[in-house]
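# Examination of the molecular architecture
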Amino acid sequence: KKLEKRSTDNVLDFESLDNKVNLRTMTPSALLSLKLFGSELNLFTLKDLQWLEEDDIPLADIIDLLRALSRGIDKTYTKSVLFLEESYVVPTGLGIPLNLSLNGTVVSSMHVQGKADFLNMFWGKKSAVVKGTIKPSAAIVLSGKLTLDAFHCSSGVLLNESISTSTEMQGNVTYNEKDGLKSHFNVTEKPQEILNITTALFHHIDDVKTPILGVEHRNTTGICTTDVFNSTRLFGLNLCSNISIPVAWYNKTTPFFPLTGPANFSIYLNKTDPLLTHFKLEFNNTKLDEYTNKTILAISTPGASFQRKYYCNVTVNQTEEQHRFNISIGTHQENATSIDFIRVPISQAVNITVNVTSNLTAFYFHRKCHLTHKIKYGLALNLTLFNRSLSHSFFVQNDTHLWHLETNTTVRNTTDNATISALYLNTTLNLNGNMTGNVTLNVTYRPLNLTLFLRGLHNMTALSTNVTWNVSCPVWSTPILNNNVTINVTYVNTTNEYRTHVNVSSNGTQVLSCYKAYINSTERNVTGYYCNVTVLNKTSSLNVTVTNATGGIRVCHLNVTHQNRSITLNTTWMYNELFRNVRLNITYLNHSIVLSGSLKNSTLEKGICLNSTYYNGTQSNFTILATCLSFVNTTEQKSLIFNVTSLNTTATVNTTWFENSTARGILVNCTYLNQTVFNFTATYSNSTTTKNLHFNFSMGNWTAELNHTFFTTELLHEVDQIRSINITHRVRNGTRVVVNNTFTFTFFNTTAKKDIVFNFTFSNRTFGAQLSLVNKTTAELLHHIINISLYTPNR
């Protein structure tokens, strides 16, 4: 028998069948791992909790627990864990071991005192009562020690860090089906230590610890909620935070934190209202009908210095027609800030209303238009302040390529509801292939009876824009305020040209005509900008052209003309690898100023020059300022030349220094009005027999010549040995000799004779001395003859 294949499309039947036979139990899983320096110290999983492995918890145990809680409990739970204990020993070259040890402990404690009656939640009326005191506290202590152990003595540094908290909460909570949830929490007199972090540094020798104060510069500051706002009036409590930390960033030799000294950070809560004893909290959730739930939350402080009552009402309504969510917050039920959110699923409309103490109301919506079925967005705002009310409405709608925006703002006087000022804006944009736009602005100000009307039209197809401006103010009869202005703009945009033409008319009379064109010609390498403006029959023009020529040359021409008076500006700049030049020419009414600057950069010469010249008509009158600074660099000579010319007066400074294998020197020359003002020459020459140092100085009528010569034949073979020093100093003022000093020292060394000659001339007076040693040989003996002679100006 042939079997037919059958299939079903109802997948839900398979899912429901799978859920019925799925008897797997879901067990939770969690993993906690503690690592230090990459080493795993401990691993904790939920399997370590044995009671999780049991499938069922006996019901009798739950009943016994509930009865024990109803009788009361007064216990303290304490737990301490050593989560870190590591040590590391490093051998040193001194033979003394260096020990590094780390310890970390956690101590937690919780004192619980009170009663909890939950029996009526399961048997009898739905009610529960919980009252008591909870005092949790915990501390984490980290200790690090660096020690050098020298057999009978140990010394090192100890660092302790602790994180602790200690709080207390006392109160009661009651619940019943009629009144909902009510509770009150007592406020303790002593401050609550929420968080305290402390680091301390010690120097220890054996078991004696000495605190280390660290660096002197510290930052200590604190802030409380009372410094920001009046928390005493709002809550009666003050939350504060203090920090004290050493600052050592300015000292590069100090270690990093926390080795710079002790530090502390704390957060604590204290009571600032002396009559505040407890907070009262009431919570009630009621179901008004099948679709509406209302939740009320109230917080108050009975018996305190200030009456504090805060309410929060939340109403949720869900039907097929709409979803509504309303929340109101305030100090009184009738004067509260409310937010109302309404959504209609069918039309996808959303309304949001915000009301702040009846002085400010904001309304937002978006919904589908019943004609175009497009979404419309809107915003409305009402504000009342100081006998003035502000009403603002705004909406925007998008219909494919068409955008429409409309806004209306009105300011009224609340006493007589009279309109003070109004603003209306209507904008339509069509963003299709041919973009068009229409903007209308209308402003009215009643005290002056001022009316402003502005309308703008833009058509992308016709490449035109039209603006109409109408201002009316009968109180002030001025031409500016009572005027009708029309602006027409047309423009052409092509590949190489862009032109714009603007016409402005006032009350039918043309007051402004502006023509602007931009031309960019790639073939002629010319870029031009032209502008022609006519204002009240007075014409002004602006022409700008830029030409890019070959060889790195660019020319810019600027011409400004107003009422047959023109000013011309020509700029030329040229640049290549060796030379850069900029020239600027400004001409106005046959008067011109030429400014030029050049920069030369080659292997042998580098220089910069600036020049400014004034011309009157075609005749060159005078040079305002011309200056050049050049540096010439050759193989054996280098020169630095500075030239300044101002008002046809020239000053030059020339500095040249040279160097070769036998001589080197420097020359400084300053000239003014083609006359030498200062001249200085210093040369040094060195040959086989002569070394010479020569100075020559002249300034005005004064000249000075300093010559120092040293002569020797020591390096010459088969030549009598001669050594001499010759120093000559001469100073003159014109033809008069002021100083004439000469010093000569000569030493002759031959086989038969040795002479030393000393000659000194001072103020035309000569002093001298001569010492001679003669070796005379006879048949019998060798005779040494010494001859000494001295002479003075008087001989």
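What comes next concerns the included structure. (Residues numbered from 1 in each chain as written. Predicted model: local features only at pLDDT ≥ 70, side-chain atom pairs only at ≥ 80, totals over all residues. Heavy atoms only, no water.)

### Thoughts on the overall build of the chain
What counts, and what does not: Runs of H or I in DSSP of at least four residues are treated as helices and runs of E of at least two as strands, each being numbered from the N terminus. For the exposure calls, accessible area comes from a 1.4 Å probe over protein chains only, and a residue counts as buried if that area is under 20% of its type's maximum, exposed if over 50%, partly exposed in between. Only the protein chains shown count as cover for residues, with accessible areas throughout obtained via the Shrake-Rupley method and a probe of 1.4 Å.
Within the chain, the regular secondary structure consists of four helices and 49 strands. Looking at the chain as a whole, 20% of its 795 residues qualify as buried. Of the accessible surface of the chain, which amounts to about 54,200 Å², a share of 59% is contributed by carbon and sulfur atoms.

### Re the environment of Lys182
Our working definition: It only takes one pair of heavy atoms within 4.5 Å for two residues to be counted as in contact.
Secondary-structure assignment places Lys182 in strand E8 (residues 180-186). Linking Lys182 and Leu281, residues 99 residues apart in sequence, is a C-alpha distance of 5.8 Å. The contact partners of Lys182, leaving out residues within four places of it in the chain, are Asn172, Val173, Thr174, Leu281 and Glu282.

### Things to note about a nonpolar patch on the surface
Basically, it comes down to this: A patch consists of residues whose relative accessible area exceeds 30% and which take part in no salt bridge; residues with like charges are grouped when within 9 Å of each other, and nonpolar side chains (Val, Leu, Ile, Met, Phe, Trp, Tyr) when within 5 Å. Any Lys or Arg side-chain nitrogen found within 4 Å of a carboxyl oxygen on Asp or Glu counts as a salt bridge.
A cluster of nonpolar residues, Val560, Ile567, Ile586, Tyr588, Leu589, Ile593, Leu595, Ile624 and Leu625, forms a patch on the protein surface that exposes about 660 Å² of accessible area. For the nonpolar patch, the secondary structure elements donating two or more residues are strand E35 (579-588), strand E36 (591-601) and strand E38 (619-633). Inspection of the secondary structure assignment puts Leu589 in the loop between E35 and E36. Taking the relative accessible area as the measure of exposure, Leu589 reaches 43% and is therefore partly exposed.

### Some thoughts on the state of the cysteines
A covalent bond bridging the sulfur atoms of two cysteines is what the word disulfide describes. Test applied: What counts as a disulfide here is a pair of cysteine sulfur atoms lying within 2.5 Å.
Across all of its chains, the model carries two disulfides by this definition. Covalently, Cys609 is tied to Cys628 through a disulfide, its sulfur atoms 2.2 Å apart. Across the disulfide from Cys609 to Cys628, rotation about the S-S bond amounts to roughly 125 degrees, and the bridge is consequently right-handed. Here Cys609 is found in strand E37 (residues 605-616), whereas its partner Cys628 is found in strand E38, with 19 residues between them in sequence. According to the relative accessible area criterion, Cys609 is partly exposed, its value standing at 26%. Ordering the disulfide-forming cysteines of the chain by sequence position, one finds them joined as 1-2, 3-4.

### Focus on the environment of Phe325
The topology assignment puts Phe325 in strand E17 (residues 323-330). Between the C-alpha atom of Phe325 and that of Asn293, which follows or precedes it by 32 residues, the distance is 10.0 Å. Setting aside chain neighbours within four positions, we find Phe325 in contact with Val314, Thr315, Val316, Ile339, Asp340 and Phe341.

### A look at the environment of Val511
Within the secondary structure, Val511 sits in strand E30 (residues 509-521). For the pair Val511 and Lys538, spaced 27 residues apart in sequence, the C-alpha to C-alpha distance is 9.7 Å.

### Here's the deal with the packing of aromatic side chains
Two aromatic rings are characterised by how far apart their centres lie and by the angle between their planes. In plain terms, the rule: Within 6.5 Å between ring centres, the rings of Phe, Tyr and Trp (the latter by its six-membered ring) count as paired, and their orientation is classed by plane angle as stacked under 30 degrees, edge-to-face over 60, tilted in between.
A complete count under the given rule lists four aromatic pairs for this structure. Taking 5.2 Å as the distance between ring centres and 65 degrees as the angle between the ring planes, the aromatic pair formed by Phe743 and Phe758 counts as edge-to-face. With Phe743 in strand E46 (residues 736-749) and Phe758 in strand E47 (residues 753-762), this residue pair connects regions lying 15 residues apart in the sequence. Phe758 gets classed as partly exposed once you look at its relative accessible area, which sits at 31%.

### Some remarks on the pattern of salt bridges
Scanning the model with the defined rule gives seven salt bridges in all. Salt-bridge contacts for Glu659 lead to Arg664; the nearest nitrogen and oxygen are separated by 3.8 Å. Note on Arg664: relative accessible area 45%, which makes it partly exposed.

### Remarks on unusual backbone geometry
It is generally the case that most residues other than glycine have a negative phi and that most peptide bonds are trans. In this chain, Phe257 is followed by Pro258 through a cis amide linkage whose omega measures 15 degrees. Residue placement: Pro258 occurs in the loop between strand E12 (237-246) and strand E13 (263-271). The phi dihedral of Asp206 is positive, around 60 degrees, even though this residue is not glycine. Here Asp206 lies in the loop between strand E9 (192-205) and strand E10 (208-211). A residue is classified by how much of its surface remains accessible, and Asp206, at 39% relative accessible area, is partly exposed.

### Looking at the side chain of Ser244
Note the following rule: Counting of polar contacts relies on pairs of N or O atoms within 3.5 Å, with two restrictions inside protein: one atom must be capable of donating a hydrogen and the other of accepting it, and residues adjacent in sequence are counted only when both atoms are side-chain atoms.
Position of Ser244 relative to the elements: it lies in strand E12. A polar contact of 3.1 Å, which involves the side chain of Ser244, links it to the side chain of Arg218. Among residues more than four places away in sequence, those in contact with Ser244 are Arg218, Asn219, Thr220, Pro262, Ala263 and Asn264.

### Quick notes on the nonpolar core
Nonpolar side chains in soluble globular proteins tend to be buried together. In plain terms, the rule: In these notes, a set of buried Ala, Val, Leu, Ile, Met, Phe, Trp, Tyr and Cys residues joined through side-chain atoms within 4.5 Å is what counts as a nonpolar core.
The biggest cluster of nonpolar side chains holds seven residues, and these are Val485, Val489, Tyr491, Val502, Val504, Cys514 and Cys531. Those elements giving two or more residues to this core turn out to be strand E28 (483-493) and strand E29 (497-506). At three residues, E28 tops the list of elements feeding residues into this core. In this view, Val504 contacts Val485, Thr486, Ile487, Thr509, Gln510, Val511 and Leu512; residues no more than four positions away in its chain are not counted.

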